[in-house]
Amino acid sequence: MSTTNFVCFLIPSARVRTCGSSLPFSITTRRRCQKLCSPITARAPKEVLCFNPKVKNVLDSVKWDDKGLVVTIAQNVDTGAVLMQGFANREALEATLSSRKATFYSRSRSSLWTKGETSSNFINVLDVFLDCDRDSVIYLGKPDGPTCHTGSETCYYTSIFDILEDTQKNKERSALTTLYSLEATISDREHEILTEQNRKPSWTRKLMHDNELLCSKIREEAEELARTLLDDEDGSRSVAEMGDLLYHAMVLLRLKNVRMEDVFEVLRKRFSQSGIEEKNSRS
């Protein structure tokens, strides 16, 4: 039987886990794993090779281009930010599935490379998605640090619209969703306080100067949101009140140096746990 049809998962005997679990492989170890293409036998006391034929079927379904590559995007599982775009060949995708570290194919070096192998800013892959045509891939994961070689969180921080409109002399800004644009604006207001810049009136800066005012607004907005349910108000009222509550809560989080990403990570980790069990664990 040809073992090239299967993906190899190398598991050190001291740390045996279920096949396909997240394992911290080195690049050398992973490449050695790819070369081990003999069936599993009883004469392998230090290593166990697990073969998953389902992986072959999935990889066969990918529409690789004429060079055997597919566009591969890395996305932050908590923020939704697009971190980077590269290419993967079959071996790179196999390596990602086995190591759970985002691995790509370098066209300039003609070799596999794992994001973070030199900087230690790995992208820890939690899931992998194929698009509807199966000609592009998303690595959905959690980065250990900045993804871009420039030190930026993502590789996407140049807005073409800003260039065309000469906005703020083409100041760099990350491609952010509405929620994270708001978080960035709140952070800017705090920076203005610390540097004594921008003397124009600002509600956010006022809240940051007065903890009692901020906390009273959070309680007020929470009560108004609850009233939209108790008083059977229109859904648009709930939307408006939730927006107010979320904004004021995010100002508090900025003062506590807490990111929305941290909040979402907590929520993500609770997905597999009953809400009742989670509350009991805190009591």
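First, a word on scope: everything that follows refers to the structure included in this document. (Residues numbered from 1 in each chain as written. Predicted model: local features only at pLDDT ≥ 70, side-chain atom pairs only at ≥ 80, totals over all residues. Heavy atoms only, no water.)

### Concerning the side chain of asparagine 124
Working step 1: You can see asparagine 124 is positioned in strand E7 (residues 123-130).
Working step 2: On the accessibility criterion, asparagine 124 (19% relative accessible area) is buried.
Working step 3: With near-sequence residues (within four places) excluded, asparagine 124 lies in contact with Arg100, Lys101, Leu140, Gly141, Lys142 and Asp144. (Helix = DSSP H or I, 4+ residues; strand = E, 2+ residues; numbered from the N terminus. Buried < 20%, exposed > 50% of the residue type's maximum accessible area, 1.4 Å probe, protein only. Contact = heavy atoms within 4.5 Å.)

### A look at the pairing of strand E6 (residues 111-114)
Taken residue by residue, a regular strand's side chains alternate between the two faces of the sheet.
Working step 1: Side chains Leu112 and Thr114 of E6 all project onto a buried face; the interleaved residues Ser111 and Trp113 project onto a face where none is buried.
Working step 2: Here 4 bridges tie strand E5 (residues 103-106) to E6, and the two strands are oriented antiparallel to one another. Within E6, the position partnered with tyrosine 105 by the bridge is leucine 112.
Working step 3: Remark: 4 residues form the turn of the hairpin made by E5 and E6, two consecutive strands paired antiparallel; serine 110 in that turn has positive phi of roughly 55°. (Pairing = 2+ DSSP bridges.)

### Quick word on the packing of aromatic side chains
Working step 1: For the structure shown, the criterion picks out 3 aromatic pairs.
Working step 2: Aromatic side chains phenylalanine 104 and tyrosine 139 sit 5.4 Å apart centroid to centroid with 55° between the ring planes, which places their arrangement in the tilted category. Of this pair, phenylalanine 104 sits in strand E5 while tyrosine 139 sits in strand E8 (residues 136-143), placing them 35 residues apart in sequence. Residues phenylalanine 104 and tyrosine 139 agree in their burial class; the two are buried.
Working step 3: Ring geometry for tyrosine 180 against phenylalanine 264: centres 6.4 Å apart, planes inclined by 70°, an arrangement best described as edge-to-face. Of this pair, tyrosine 180 sits in helix H5 (residues 178-195) while phenylalanine 264 is found in helix H9 (residues 260-269), placing the two residues 84 residues apart along the sequence.
Working step 4: Overall, the relative accessible area of 10% leaves tyrosine 180 in the buried class.
Working step 5: Judged by its relative accessible area of 24%, phenylalanine 264 falls in the partly exposed class.
Working step 6: Clustering of aromatic rings is evident, with ring pairs tying together Phe104, Trp113 and Tyr139.
Working step 7: The aromatic ring of phenylalanine 122 is capped on one face by lysine 101, whose charged end is 5.1 Å from the ring centroid. (Phe/Tyr/Trp six-rings, centres within 6.5 Å; stacked < 30°, edge-to-face > 60°. Lys NZ or Arg CZ within 6 Å of the ring centre and 35° of its normal.)

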